[in-house]
Amino acid sequence: MLSLNVKNETSRLRAVVLGTAISNGPTPKVEEAYDPKSLEHIIAGTYPVEADMVAEMEAFNAVFQKYNVEVYRPEIIENYNQIFSRDIGFVIDDIFIKANILPDRERELDAIQYIIDKINPKKVVRPPENVHIEGGDVMPWNDYIFIGTYKGSDYKDYITARTNMEGVAYIQNLFPNKIVKAFDLVKSKIEPRDNALHLDCCFQPIGTNKGIIYKSGFREEADYMFLVNLFGKDNLFHIEREEMYHMNSNIFSIAPDVIVSEKNFTRLNAWLRQNGFTVEEIPYAEISKQEGLLRCSTLPLIRD
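Rules used throughout
- Residues numbered from 1 in each chain as written.
- Predicted model: local features only at pLDDT ≥ 70, side-chain atom pairs only at ≥ 80, totals over all residues.
- Heavy atoms only, no water.
- Salt bridge = Lys/Arg side-chain N within 4 Å of Asp/Glu carboxyl O.
- Helix = DSSP H or I, 4+ residues; strand = E, 2+ residues; numbered from the N terminus.
- Buried < 20%, exposed > 50% of the residue type's maximum accessible area, 1.4 Å probe, protein only.
- Pairing = 2+ DSSP bridges.
- Right-handed = clockwise from strand over helix to strand, strands pointing away.
- 1 Å grid on protein atoms, 1.4 Å probe; cavity = no way out; pocket = protein on both sides within 12 Å on 5 of 7 lines; lining within 4 Å.
- Points joined across faces, edges and corners; volume = space filled by probe spheres on them.
- Nonpolar A, V, L, I, M, F, W, Y, C, P; charged D, E, K, R; others polar.
- Expected span 1.5 Å × (residues − 1).
- Arc of directions from axis to C-beta.
- Contact = heavy atoms within 4.5 Å.
- Axes fitted to C-alpha atoms, helices over the stretch in contact; angles between N-to-C directions.
- Polar contact = N/O pair within 3.5 Å; in protein donor to acceptor, adjacent residues only side chain to side chain.

Asker: How do you make sense of the pattern of salt bridges when you look at a structure like this?
Answerer: Where charged atoms from two side chains of opposite charge approach closely, those side chains can pair. Tallied over the entire structure, the rule returns 15 salt bridges. Among the ionic pairs, E106 bridges to R126, the shortest N-O distance being 3.1 Å. Taken together, the residues span a long stretch of sequence, with E106 in helix α3 (residues 106-110) and R126 in the loop between β5 (124-125) and β6 (138-141) at a distance of 20 residues. For E106, a relative accessible area of 30% translates into the label partly exposed. Among the charged side chains, a network of salt bridges with common partners joins K7, D93 and K178.

Take a look at the structure:
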């Protein structure tokens, strides 16, 4: 059996589900795009090809091997995008929560059922249908659970609005002893530079007391200020609009002092090293064209 344990974003990683780009399928049609960044690249003819994405994911896998992390991969679904395992489920403490994701993506959960079968069934939950929640919006941080949402009355009109307030309430009920903090995120169906698809597109904690943040990703300044007050402004690396577009906040922590980052994030990577982090740089720019990056590709199961 797998003894799940995830209490925060940065403790030493022991086991993880890493998505796969094998048999990724053809370039989607315009009407099949789930997000504005994929749409942009479909229209421009620059949508990533499978061989490049497989190579990027294998570079990520090689870093996990270097740090002796146990890596699980989804079973292959022919001609199907299975890169972003963070969307389909997540672990808080010792509970595996299946995400209620876009209906088209239900098969992705089936592809990791062999892993879920290794977990105590009492520790696996599925929210009711009215609860929308995806792993990219959910960040356990010790006593806190940070959750990205969209509070606009037009929620149902946005395919980029992935977690609703019912999702926030569900997590609060599941973890009554945690402080659950919801963040109202900026959404756009047409401009990827103004679309915080998930919370990890505009914020992520790193180390033990630091974070990467994009102020304009929050609809309410009070939400941004909550994080400034919690972490301290000097402990937050502020990214700019173009850096947010390239997913600079969507790195991944293997340990409090070890971060996997995209090799083109020069400003961020320099700051991380100045602050004592070991930075494992890999190529991931092709996968980023689908509005997801390193955190999106992982589903941590066990951390220290």
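After presenting the structure, the write-up continues.
Asker: Is there a simple way to think about the pairing of strand β13 (residues 258-262) in this case?
Answerer: Across a regular strand the side chains alternate sides, sitting on one face of the sheet and then on the other. Among the 5 residues that make up β13, 5 are buried, leaving the element largely enclosed by the rest of the structure. On β13, burial covers both faces: V258, V260 and E262 on one face and I259 and S261 on the other are all buried. Bridge count for strand β12 (residues 252-255) against β13 is 3 bridges, and the pairing is antiparallel. Directly across from S253, in β13, lies its bridge partner I259. In sequence, β12 turns back onto β13 through a hairpin of 2 residues. For the crossover that starts at β13, traverses helix α8 (residues 266-274) and ends in the parallel strand β14 (residues 278-282), the hand is right-handed.

Asker: It is not clear to me how empty space enclosed by the protein should be interpreted in this structure. Could you clarify?
Answerer: Under the criterion given, the structure shown has 2 cavities of 30 Å³ or more. Surrounding the largest cavity, 14 residues form its lining, V6, R86, F90, V91 and P300 being those nearest its centre. Elements represented by at least two residues in the lining of the largest cavity include exactly β3 (89-92), β6 and β15 (298-303). The element contributing the most residues to the lining of the largest cavity is β3, with 4 residues. When grouped by side-chain class, the residues that make up the lining of the largest cavity number 8 nonpolar, 2 polar and 4 charged.

Asker: Hey, could you run me through helix α2 (residues 50-66) in this one?
Answerer: The periodicity of an α-helix, 3.6 residues per turn, causes residues three or four positions apart to be oriented the same way. Taking 1.5 Å per residue, 17 residues should reach 24 Å; α2 reaches 24 Å between its end C-alpha atoms and fits that length. Of all the residues in α2, the buried ones are M53, E56, M57, F60, N61, V63 and F64. Seen along its axis, α2 keeps its buried residues to an arc of 155 degrees; they face one direction. Pointing more than 90 degrees away from the buried face of α2 are the exposed residues A51 and K66. The elements touched by buried residues of α2 are β1 (13-18), β2 (70-72), β12, β13, β14 and β15. Following α2 by one or two positions, N68 adopts a phi angle in the positive range, close to 55 degrees.

Asker: I keep staring at α8 and nothing clicks. Help me out?
Answerer: Along α8, the residues that are buried comprise L268, N269, W271 and L272. Projected down its long axis, α8 shows its buried positions confined to an angular sector of 160 degrees, all on one face. For α8, the exposed residues set more than 90 degrees away from the buried face come down to T266 and Q274. Contacts made by the buried residues of α8 are with β9 (203-206), β10 (210-213), β11 (236-238), β13 and β14. Just downstream of α8 lies G276, where phi reads positive at about 90 degrees.

Asker: Just checking my understanding: could you explain the sheet that holds β13 for this structure?
Answerer: Strand order in the open sheet made by the 3 strands is β12-β13-β14, with mixed pairing throughout. Among the strands making up the open sheet, the edge pair consists of β12 and β14. Between one strand and the next, the sheet's axes are offset by a mean angle of 30 degrees, whatever the strand orientation. Against the sheet, α2 engages β12, β13 and β14, with an angle of about 150 degrees to β14.

Asker: Is there a simple way to explain the side chain of E280 in this structure?
Answerer: Mapping E280 onto the fold places it in strand β14. Accessibility expressed as a relative area gives 13% for E280, which makes it buried. At 2.6 Å, the side chain of E280 forms a polar contact with the side chain of Y67. Apart from residues no more than four positions distant in its own chain, E280 is found in contact with V63, K66, Y67, V258, I259, V260 and S261.

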